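# Working through the structure, step by step
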Amino acid sequence: MSVESEFPVSAEQVYAALVALGDEPVLDPELWPQGPEEGNRRRLLGVLLARVELEVTAATRLGVDQDQAEVLLGWMDQAGPGSAVSTNALINRLQRTGVQLMGLDQDETPPGRMASAMAIAVAVDALGAHLHFEAGDVDRVRRGLGRTEAALIEILRSIHDLRAEIGDAEEEPD
C-alpha cells in the first residue's frame with residue numbers, strides 16, 4: 001500500500017524545521033553549495049523523525065499511561081484513526097523498528113534480537129495480509145501469510161538458539 005502526501009514537504013522545509021529545533025545536520029558547503037537538495041529529503045526526514053521520537057521518549061514517563069495516551073491522541077488527531085495513512089505509517093514504523101532491532105552493522109544478529117525483529121515482521125506481514133484481504137487481493141494475502149509463517153518459524157528457531165546458548169536446549173546440527 002502506498003500513500004501519497006497531498007502537500008509534500010521539501011528538503012528545504014524539513015531542514016528549516018531541524019534548524020528551528022536546533023538539530024540541523026551539518027551540510028558541507030562544497031557538496032551542497034545551494035543547501036539541502038531534494039535528493040536529501042528522505043534522509044532529512046529520518047533525522048527529523050529521530051528528533052521527534054527522542055523528544056516523545058523524553059517527555060513520556062515509563063509506566064504512565066496518561067503520557068502514552070496524550071501522545072497517541074495527538075498522533076491520531078494528525079493522522080486520523082483507522083485511515084489508510086495511519087495504517088501505512090504504522091507499517092512503516094514497525095518495519096523501521098524491525099530493521100533497528102536486527103542492526104545494520106552486524107554480520108550476525110544475536111538470537112534474542114532476531115526473535116524480536118521477526119516478531120515485528122509477523123505483525124507487519126499479518127497486517128499487510130489483512131489489508132490485502134480487505135482489498136480482495138487473494139494472491140497478496142497468500143504471499144503475506146507465507147512471509148508471516150516464515151517469520152514465525154524464525155522466531156521459534158531464534159528462541160531455540162538462545163535457549164541453547166544458556167544451556168537449556170541442545171544445539172541443532174548444521
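Calculation criteria
Residues numbered from 1 in each chain as written. Predicted model: local features only at pLDDT ≥ 70, side-chain atom pairs only at ≥ 80, totals over all residues. Heavy atoms only, no water. Helix = DSSP H or I, 4+ residues; strand = E, 2+ residues; numbered from the N terminus. Buried < 20%, exposed > 50% of the residue type's maximum accessible area, 1.4 Å probe, protein only. Contact = heavy atoms within 4.5 Å. Areas by Shrake-Rupley, 256 points an atom, 1.4 Å probe, with all protein chains shown as cover. Lys, Arg positive; Asp, Glu negative; His and termini not counted. Charge placed at Lys NZ, Arg CZ, Asp CG, Glu CD. Core = buried A, V, L, I, M, F, W, Y, C linked by side-chain atoms within 4.5 Å. Expected span 1.5 Å × (residues − 1).

## Comments concerning the overall build of the protein
- Broken down by element type, the protein carries six helices and zero strands.
- The order of α-helices and β-strands along the protein, N terminus first, is α-α-α-α-α-α.
- The C-alpha extent of the protein, read off along each of the three principal axes, is 60 × 40 × 40 Å.
- Looking at the protein as a whole, 24% of its 174 residues qualify as buried.
- The contacts of the protein with a sequence gap of at least 6 include a subset with a gap of at least 24, amounting to 55%.
- Carbon together with sulfur atoms contributes 55% to the accessible area of the protein, which is approximately 12700 Å² in total.
- When the 14 positive and 31 negative side-chain charges of the protein are each reduced to one mean point, those points stand 5 Å apart.

## Concerning the nonpolar core
- Among the nonpolar cores identified, the biggest contains seven residues, and these are Ala11, Val14, Tyr15, Leu18, Leu27, Leu44 and Leu48.
- Elements with a minimum of two residues in this core: helix H1 (11–20) and helix H2 (41–59).
- Of the residues forming this core, the biggest block, four residues, is contributed by H1.
- Every residue in contact with Leu18, bar those within four places of it in the chain, is listed here: Asp23, Glu24, Pro25, Leu44, Val47 and Leu48.
- Judged by nonpolar contacts, the second largest core, of five residues, contains Met114, Val122, Ala151 and Ile155.

## Let's talk about the side chain of Thr148
- Looking at the element boundaries, Thr148 is found in helix H6 (residues 138–165).
- Judged by relative accessible area, which is 9%, Thr148 ranks as buried.
- When near neighbours in sequence (up to four residues on either side) are disregarded, Thr148 contacts Val122, Asp125 and Ala126.

## With respect to H6
- Taking 1.5 Å per residue, 28 residues should reach 40 Å; H6 reaches 41 Å between its end C-alpha atoms and fits that length.
- Of the residues making up H6, those classed as buried are Val141, Gly144, Thr148, Ala151, Ile155, Ser158 and Ala164.
- Looking at the buried residues of H6, the elements they touch are helix H5 (111–135).

Functional significance is not addressed by these values, which are geometric in nature.
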